[in-house]
Amino acid sequence: MAGQAADSRSSTSKSSMSEFWHGARFGLPVCIAVSPFGLLFGTLAVENGLSVLEAVFMSAFVFGGASQMVGIELFGQKVAPWMIALSIFAVNFRHVLYSAAIGRYLAGWPLARQAFAFFLLTDAQYALAESQIQSGRKLTFARYMGAAVTSYLTWVATTVIGAIFGKLIPDTSAIGVDFLLPIYFLGLVMDFRKRPLWLPVVAVSAVASILAYRFVGSPWHVLLGALAGVALAVILPPSRSGIGAAPAQAVENRA
Amino acid sequence: MSSAFWVILAGALATYLTRIGGHLVISRLERIPPRVEAGLNAVPAAVLTTLVAPAVLTAGPAEWLALIVAGLVALRGGLLSMFIAGAVVLLIARQFMA
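It should be emphasised that the depicted structure is a prediction, and the values quoted were computed from it without experimental measurement.

Cut-off values and rules
- Residues numbered from 1 in each chain as written.
- Chains lettered and ligands numbered in written order.
- Predicted model: local features only at pLDDT ≥ 70, side-chain atom pairs only at ≥ 80, totals over all residues.
- Heavy atoms only, no water.
- Core = buried A, V, L, I, M, F, W, Y, C linked by side-chain atoms within 4.5 Å.
- Buried < 20%, exposed > 50% of the residue type's maximum accessible area, 1.4 Å probe, protein only.
- Helix = DSSP H or I, 4+ residues; strand = E, 2+ residues; numbered from the N terminus.
- Contact = heavy atoms within 4.5 Å.
- UniProt positions renumbered as here; feature names shortened; annotations may be inferred.
- Expected span 1.5 Å × (residues − 1).
- Bend = angle between axes of the 7 residues up to and from the residue.
- pLDDT = per-residue confidence, 0-100.
- Axes fitted to C-alpha atoms, helices over the stretch in contact; angles between N-to-C directions.
- Parallel < 35°, antiparallel > 145°, perpendicular 65-115°, else oblique.
- Left-handed = near helix turned anticlockwise from the far one by under 90°.

1. A few points about the nonpolar core
Stage number 1. Within the largest apolar cluster, 96 residues are counted, with the highest numbers of intra-cluster contacts made by Ile102(A), Tyr144(A), Ile183(A) and Tyr184(A).
Stage number 2. Per-element accounting of this core gives the leading share, 10 residues, to helix α2 (residues 34–58) of chain B.
Stage number 3. Excluding its chain neighbours within four sequence positions, the residues that come into contact with Tyr184(A) are Pro29(A), Val30(A), Ala124(A), Leu128(A), Leu79(B) and Phe83(B).

Structure representation (structure tokens):
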């Protein structure tokens, strides 16, 4: 671990700058797609009785759109404080999967960098990191931060704007901003189409998440649907999953 | 400090726990068993699908058209081009379809 840390430090600041910008460019769709949700969150937070400062504090420290929406919904309903915290935890529980999957690739970084990277590990950030690894590029700290920091700043900034000017924002559904994230996530699903078991995993997760959405409700469909797809990959014999036969991905990443 | 601040802080700590927890559990293992590794490799496609599938089901023709075009562009182009194609189709289709 120490050796790899020294490696990453020896890279010149110029190349880490270009790595950062590469990450930022790759994360640009995320910034565009989350902006309306940041504005919406800021607006709704103030409508539900939070101060502007509290709304911004929530975006800056929780940094998880869906859980923040659930949180302010409960703030508006005078629910017990521990129930609000527990609901935020429940909505965000899916991150355990991301954390387990991505930790392997961050393991060579200094601990403080890892700790910071995990703080910024959202749905989109996880997907971007995995797709960098999938395409055979090295996931550097600068590249990770290029995407993560820009979407973090976008999220916090749009929350501020929404909290202060929320009442002035017209209905945005006519220009389609509410459906940008599904399009973006579809693109990321497609990015992984060369992985072993891609089609069966996608099919099982799609059916399971739709059933869970109908019968259990949001946001549990994310965790339940994902677990169904992951369970399929675990149950099928490892030879079908390309483990052992061609660990190309792991080798590339260590290089 | 208002009580809302403390609730938000507790929610933030709980969230950080979910973001680092999976790694803390997995890194305790000396070697990742093949089946666990297969499961972890399936996480991205599995999770991302759950963020799309229910939205497809509850959407209308304009959204479906946007997803189909974006999906086709994704077969040839990169993420940004498919995203822009989907967004443009959605913008236009919303003007003509309910």
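2. Brief notes about the UniProt feature "transmembrane region" (unreviewed entry) in chain A
Stage number 1. Following the UniProt record, the feature "transmembrane region" (unreviewed entry) maps to residues 26–46, 52–75, 82–105, 141–166, 172–190, 197–216 and 222–239 of chain A here.
Stage number 2. Along residues 222–239 of chain A, the helical share is 78% and the strand share 0%, with 27 Å between the first and last C-alpha atoms.

3. Describing helix α3 (residues 28–47) of chain A
Residues and elements named next belong to chain A.
Stage number 1. Taking 1.5 Å of rise per residue, the 20 residues of α3 would be expected to cover 28 Å, and the 29 Å separating its terminal C-alpha atoms lies within 8% of that figure.
Stage number 2. For α3, the principal kink sits at Val-34 and spans about 35 degrees; a proline, Pro-36, occurs within the next four residues.
Stage number 3. Residues of α3 that are buried: Pro-29, Val-30, Cys-31, Ala-33, Val-34, Ser-35, Pro-36, Gly-38, Phe-41, Gly-42, Thr-43 and Ala-45.
Stage number 4. Just beyond α3, the residue with positive phi is Gly-49, at close to 100 degrees.

4. Some remarks on the confidence of the model for chain A
Residues and elements named next belong to chain A.
Stage number 1. Mean pLDDT over chain A stands at 83; residues scoring 70 or higher make up 85%.
Stage number 2. Throughout residues 1–10 the model reports pLDDT below 50, and contacts reaching past four residues in sequence, or to other chains, amount to 9 contacts.
Stage number 3. Predicted confidence for residues 245–255 stays below pLDDT 50, and this span has 11 contacts to residues more than four positions away or in other chains.

5. A closer look at the packing of α3(A) against helix α4 (residues 52–61) of chain A
All names here are of chain A.
Stage number 1. In contact at an axis separation of 9 Å, α3 and α4 are set at 135 degrees when each is read in the N-to-C sense. When the axes of α3 and α4 are compared, the pair comes out oblique. α3 and α4 meet at a crossing whose hand is right-handed. For the pair formed by α3 and α4, the contact residues are Phe-41, Ala-45 and Val-46 on the first element and Val-52, Ala-55, Met-58 and Ser-59 on the second.

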